[in-house]
Amino acid sequence: TQGEVVAGGRGAGDELWQLGEPRGVCSDEHGTVFVAEAQNDRVTRWAPGAQEGVVHAGGMGQGDEAWQLNEPIDICLDDAGALYVAEAGKLRITRWTPGAERGEVVAGGHGRGTELGVGRSQLGSPCGVFIFSEVAAATAANLVAAARLAG
């Protein structure tokens, strides 16, 4: 059996036909593939048969602003099509609703640590994210962020 290249495959880099340190990957019901690129601080979207990706989130340089990503390491989609991004460089999880030009912090973002208070949550080192509920709108009860312990 042979695999099929569905994203990238033409060397590492920052062009839209390349991937820069791909980490997390997920797909939707239409076969569109989303790739978290840690080196390029972006998530690209690859339609079936596409020769290049489209920037879906980030891609505006590494940073802390709502329109930027900082070393995206994992991603997932909820039933409503919102994209969740675990950012190792900013220690946060952001949610990007369909068509959004900026993400919303839903966990972490307040430095390294173990504090979980409302408005001041911290993560150790996010390394994964997933939704485990059938509910379309994610809440703190059904969003899970895997993180290494703060050290």
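Preceding block: the structure.
Residues numbered from 1 in each chain as written. Predicted model: local features only at pLDDT ≥ 70, side-chain atom pairs only at ≥ 80, totals over all residues. Heavy atoms only, no water.

*Asks:* Is there a simple way to explain the overall build of the protein in this structure?
*Replies:* When helices and strands are tallied, the protein shows zero helices and 10 strands. Within the protein, the proportion of its 151 residues that are buried is 42%. The contacts in the protein between residues at least 6 apart in sequence include a share of 36% that link residues at least 24 apart. Total accessible area on the protein is roughly 8,100 Å²; 50% of this is exposed by carbon and sulfur atoms. (Helix = DSSP H or I, 4+ residues; strand = E, 2+ residues; numbered from the N terminus. Buried < 20%, exposed > 50% of the residue type's maximum accessible area, 1.4 Å probe, protein only. Contact = heavy atoms within 4.5 Å. Areas by Shrake-Rupley, 256 points an atom, 1.4 Å probe, with all protein chains shown as cover.)

*Asks:* What should I look at first to understand the layout of surface pockets in this one?
*Replies:* Empty space among the atoms becomes apparent when a probe as large as a water molecule is rolled across them. Computed from the structure, the second largest pocket encloses a volume of approximately 190 Å³. Forming the boundary of the second largest pocket are 15 residues, of which Val 5, Val 6, Ala 7, Gly 49 and Ala 50 lie nearest the centre. Residues that form the lining of the second largest pocket fall into these classes: nine nonpolar, four polar and two charged. (1 Å grid on protein atoms, 1.4 Å probe; cavity = no way out; pocket = protein on both sides within 12 Å on 5 of 7 lines; lining within 4 Å. Points joined across faces, edges and corners; volume = space filled by probe spheres on them. Nonpolar A, V, L, I, M, F, W, Y, C, P; charged D, E, K, R; others polar.)

*Asks:* Can you walk me through the sheet that holds strand S2 (residues 33–37) in this structure?
*Replies:* If you walk across this open sheet you meet the four strands as S1-S2-S3-S4, and the pairing is antiparallel. The sheet is open, and its two edges are formed by strand S1 (22–27) and strand S4 (54–58), each paired on a single side. Neighbour-to-neighbour, the strand axes of the sheet open up by a mean angle of 25°, direction not taken into account. Bridge count for S2 against strand S3 (residues 42–46) is five bridges, and the pairing is antiparallel. Its bridge partner lying in S3, Glu 37 is registered against Arg 42. (Pairing = 2+ DSSP bridges. Axes fitted to C-alpha atoms, helices over the stretch in contact; angles between N-to-C directions.)

Nothing here speaks to function; it is geometry throughout.
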